[in-house]
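If you want the building blocks of each chain, they are given just below.
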Amino acid sequence: MYVLKNDYRIFEYMPISRRIYDTRGQYKRAYLYTRTDTFDLTYFIRYVIRVIDESIADLRQYMDVKPKELPNMITPPESSDDLNLRQVAILELMMKDRDRPMTIKAVSGMHNVAYATARTDLLDLVDAGYLLKRKVGKEFLFFYRQSSNPNFSIYRE
């Protein structure tokens, strides 16, 4: 499976930090009990083990749900190996809200890249058959192209 190794969105599914943040009161108590009970780490270790167990359960639940979402997407053409990370992110965003058009300025701001880079990314996606381009006034709008192929994955096996 083609996984984006530099994709920082994976961290939103790594729930340990989130779990610690959500139970920060318990974290503080475990720390205080450890400090006041002659530095007995048992309190803190038990808390950390419970957080890790809950985080693993959350991750397993996410991994069960994610493969079920993939068939609802659409398969890109064979040139998907040529997509960069920004283009994959643009496609994912546009697939989630297929009726919402994307502008060059929006992509530029979203990925913090130059206008020309955003334009090139979008035009390359148009050339590859992923997007449709329409001129509205002085601005180009890019729409997600609906495909007839029901098997999607921008992630390669």
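Residues numbered from 1 in each chain as written. Predicted model: local features only at pLDDT ≥ 70, side-chain atom pairs only at ≥ 80, totals over all residues. Heavy atoms only, no water.

Peer 1: How should I be thinking about the pairing of strand 3 (residues 139-144) in this particular structure?
Peer 2: The side chains of a regular strand alternate, residue by residue, between the two faces of the sheet. When strand 1 (residues 102-103) meets strand 3, the two strands line up antiparallel, connected through two bridges. By the bridge assignment, Thr-103 is partnered in strand 3 with Leu-141. In this sheet, strand 3 lies alongside strand 2 (residues 131-136) in antiparallel orientation, the contact comprising six bridges. When the sheet's bridge partners are listed, Leu-131 is paired in strand 3 with Tyr-144. What sits between strand 2 and strand 3 in their antiparallel hairpin is a turn of two residues, with Gly-137 showing a positive phi close to 65°. (Pairing = 2+ DSSP bridges. Helix = DSSP H or I, 4+ residues; strand = E, 2+ residues; numbered from the N terminus.)

Peer 1: Mind showing me how you'd approach the pattern of salt bridges here?
Peer 2: Side-chain pairing between opposite charges can occur once the charged atoms of the two side chains come close. For the structure on display, the rule yields five salt bridges. For Glu-54, the salt bridge is made with Arg-50, and the minimal N-O distance between the two is 3.9 Å. One end of the pair, Glu-54, and the other, Arg-50, are both in helix 3 (residues 42-69), four residues apart, so they sit about a helical turn from each other. Between Asp-121 and Arg-86 there is a salt bridge, and its shortest N-O distance comes to 2.6 Å. Within this pair, whereas Asp-121 is found in helix 6 (residues 115-127), its partner Arg-86 is found in helix 4 (residues 85-96), the two being separated by 35 residues in sequence. (Salt bridge = Lys/Arg side-chain N within 4 Å of Asp/Glu carboxyl O.)

Peer 1: How should the confidence of the model for the protein be read in this particular structure?
Peer 2: Segments scoring low in pLDDT should not have their predicted coordinates read at a detailed level. Model confidence for the protein is summarised by a mean pLDDT of 77, while 74% of its residues fall at 70 or above. Mean pLDDT values for the elements of the protein range from 82 in helix 1 (residues 16-22) up to 92 in helix 6. Low pLDDT (under 50) marks residues 1-11, which in the prediction has 14 contacts with non-local residues, meaning those over four places away or in another chain. Across residues 148-157 the pLDDT falls below 50, and counting only partners more than four positions away or on other chains, this stretch makes 37 contacts in the model. (pLDDT = per-residue confidence, 0-100. Contact = heavy atoms within 4.5 Å.)

Peer 1: Explain the packing of helix 4 against helix 5 (residues 104-111) to me, please; I cannot follow it from the model alone.
Peer 2: Packed helix pairs are specified by the crossing angle of their axes together with the interaxial distance, meaning the distance between the axes. The contact between helix 4 and helix 5 brings their axes to 12 Å, and the two run at 115°. Crossing geometry of helix 4 relative to helix 5 is assigned as right-handed. Together, Arg-86, Ala-89, Ile-90 and Leu-93 of helix 4 and Val-107, Met-110 and His-111 of helix 5 make up the contact between the two elements. In the contact of helix 4 with helix 5, the residues fall into five nonpolar, one polar and one charged. (Axes fitted to C-alpha atoms, helices over the stretch in contact; angles between N-to-C directions. Left-handed = near helix turned anticlockwise from the far one by under 90°. Nonpolar A, V, L, I, M, F, W, Y, C, P; charged D, E, K, R; others polar.)

Peer 1: How should I be thinking about the sheet that holds strand 2 in this particular structure?
Peer 2: Each strand in a sheet pairs with its neighbour through backbone hydrogen bonds, running either in the same direction (parallel) or in the opposite one (antiparallel). Taken in spatial order, the three strands make up an open sheet running 1-3-2, and their pairing is antiparallel. Edge strands, defined here as strands with exactly one partner in the open sheet, are strand 1 and strand 2. Helix 4 rests against strand 1, strand 2 and strand 3 of the sheet, and its axis sits at about 75° to strand 3.

Peer 1: Whenever I open this one, helix 4 confuses me. Can you help?
Peer 2: Every α-helical turn comprises 3.6 residues, leaving residues that sit three or four positions apart pointing alike. When the terminal C-alpha atoms of helix 4 are compared, their 17 Å separation across 12 residues agrees well with the 16 Å that a helix rising 1.5 Å per residue should span. All of the buried residues along helix 4 are Gln-87, Val-88, Ala-89, Ile-90, Leu-91, Glu-92, Met-94 and Met-95. Of the residues flanking the start of helix 4, the one acting as N-cap is Asn-84, its side-chain oxygen 3.0 Å from the backbone nitrogen of Arg-86. (Expected span 1.5 Å × (residues − 1). Buried < 20%, exposed > 50% of the residue type's maximum accessible area, 1.4 Å probe, protein only. Polar contact = N/O pair within 3.5 Å; in protein donor to acceptor, adjacent residues only side chain to side chain.)

Peer 1: Which parts of the structure should I look at to understand the packing of aromatic side chains?
Peer 2: Two aromatic rings, taken as a pair, are described by how far apart their centres are and by the angle between their planes. Taken as a whole and judged by the stated rule, the model has three aromatic pairs. For the ring pair Tyr-27 and Tyr-47, a centre distance of 5.8 Å and an interplane angle of 70° mean the geometry is edge-to-face. Placement of Tyr-27 in helix 2 (residues 24-36) and of Tyr-47 in helix 3 is noted, with a sequence separation of 20 residues between them. Using a relative accessible area of 34% as the deciding quantity, one classes Tyr-27 as partly exposed. Looking at Tyr-47, the relative accessible area reads 4%, which means it is buried. (Phe/Tyr/Trp six-rings, centres within 6.5 Å; stacked < 30°, edge-to-face > 60°.)

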